[in-house]
Amino acid sequence: MDIQITADRTGRVVLFSARLRSEEPRSEPQPLFDPSVPRDDADFLPMCAWCDRFLVDGEWVEVEEAAERLELFRRSVLPTLDHGICPRCGGTLLSA
Ligand SMILES: [Zn+2]
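Residues numbered from 1 in each chain as written. Predicted model: local features only at pLDDT ≥ 70, side-chain atom pairs only at ≥ 80, totals over all residues. Heavy atoms only, no water.

Caption draft 1: Up close: the pairing of strand β1 (residues 2-7). Across six bridges, β1 lies against strand β2 (residues 14-19) in antiparallel orientation. Looking at the pairing, I3 lines up with A18 of β2. Taken together, β1 and the strand that follows it, β2, pair antiparallel across an intervening segment of six residues, in which G11 is found at a positive phi of about 75°. (Pairing = 2+ DSSP bridges. Helix = DSSP H or I, 4+ residues; strand = E, 2+ residues; numbered from the N terminus.)

Caption draft 2: Seen up close, the packing of aromatic side chains. In this structure the tally under the stated criterion is one aromatic pair. A ring pair is formed by F33 and F54, whose centres lie 6.1 Å apart and whose planes are at 45°; its orientation type is tilted. A residue pair is termed long-range when its members are at least 10 positions apart, and F33 in the loop between β2 and β3 (39-48) and F54 in strand β4 (residues 54-56) qualify at 21 residues. The partly exposed category is assigned to F33, whose relative accessible area is 37%. (Phe/Tyr/Trp six-rings, centres within 6.5 Å; stacked < 30°, edge-to-face > 60°. Buried < 20%, exposed > 50% of the residue type's maximum accessible area, 1.4 Å probe, protein only.)

Caption draft 3: Inspection of the side chain of T80 at higher detail. Here T80 shows up in strand β6 (residues 78-84). In this view, T80 contacts R39, D40, D41, D43, F44 and L45; residues no more than four positions away in its chain are not counted. (Contact = heavy atoms within 4.5 Å.)

Caption draft 4: Expanded view of the coordination of the zinc ion. With distances of 2.2 to 2.3 Å, the protein atoms coordinating the zinc ion are C48 (SG), C51 (SG), C86 (SG) and C89 (SG). Around the zinc ion sit four donor atoms, and with donor-metal-donor angles ranging over 105 to 114° the site reads as tetrahedral. Mapped onto the sequence, the residues coordinating the zinc ion show the spacing C-x2-C-x34-C-x2-C. With C51 in the loop between β3 and β4 and C89 in helix α2 (residues 87-95), this pair connects stretches of sequence that are 38 residues apart. Accessibility assignment for this pair places C51 and C89 in one class, buried. (Donors = N, O, S within 2.8 Å, 3.2 Å for Na, K, Ca; no water. Tetrahedral: all angles 85-135°; square planar, octahedral: opposite > 155°, others 65-115°.)

Caption draft 5: Inspection of the pattern of salt bridges at higher detail. On inspection of all chains with the given rule, the structure shows five salt bridges. R19 serves as the salt-bridge partner of D2, at 2.9 Å between the closest nitrogen and oxygen. Pair noted here: D2 is in strand β1 and R19 is in strand β2, with a separation of 17 residues, a long-range link. Overlapping salt bridges, with partners in common, bring together D2, R19 and R21 in one network. (Salt bridge = Lys/Arg side-chain N within 4 Å of Asp/Glu carboxyl O.)

Caption draft 6: Region of interest: the confidence of the model for the chain. A residue-level look at the chain finds 95% of positions with pLDDT of 70 or above and a mean pLDDT of 86. Averaged pLDDT values over the elements of the chain bottom out at 78 in β2 and peak at 97 in strand β5 (residues 59-61). (pLDDT = per-residue confidence, 0-100.)

Caption draft 7: Here's a closer look at the environment of I85. Relative to the helices and strands, I85 resides in the loop between β6 and α2. Since its relative accessible area comes to 38%, I85 is described here as partly exposed. Sequence separation between I85 and R53 is 32 residues, and the spatial gap between their C-alpha atoms is 9.2 Å.

Written out as structure tokens, the structure reads:
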């Protein structure tokens, strides 16, 4: 991507332009976030809405680790995501 940032003659207006030179193919979407995947309404997976980590066995972990620990890619039905906030993000927000 080419990005150009310039100021006009007055220096009070910044002009921004971007041009995409090439694009890499996108990976498959995370099944955990795919709304078309069937969900178990009785199985909830807590997720931090701020940092996208998941609560697994009492520990907040990244999506890849959550998927591995819970063997999410082997399941045909995934847990329902339960959005909340983890203690780390909660502490950050309260201190701001
Ligand atoms: Zn968080």
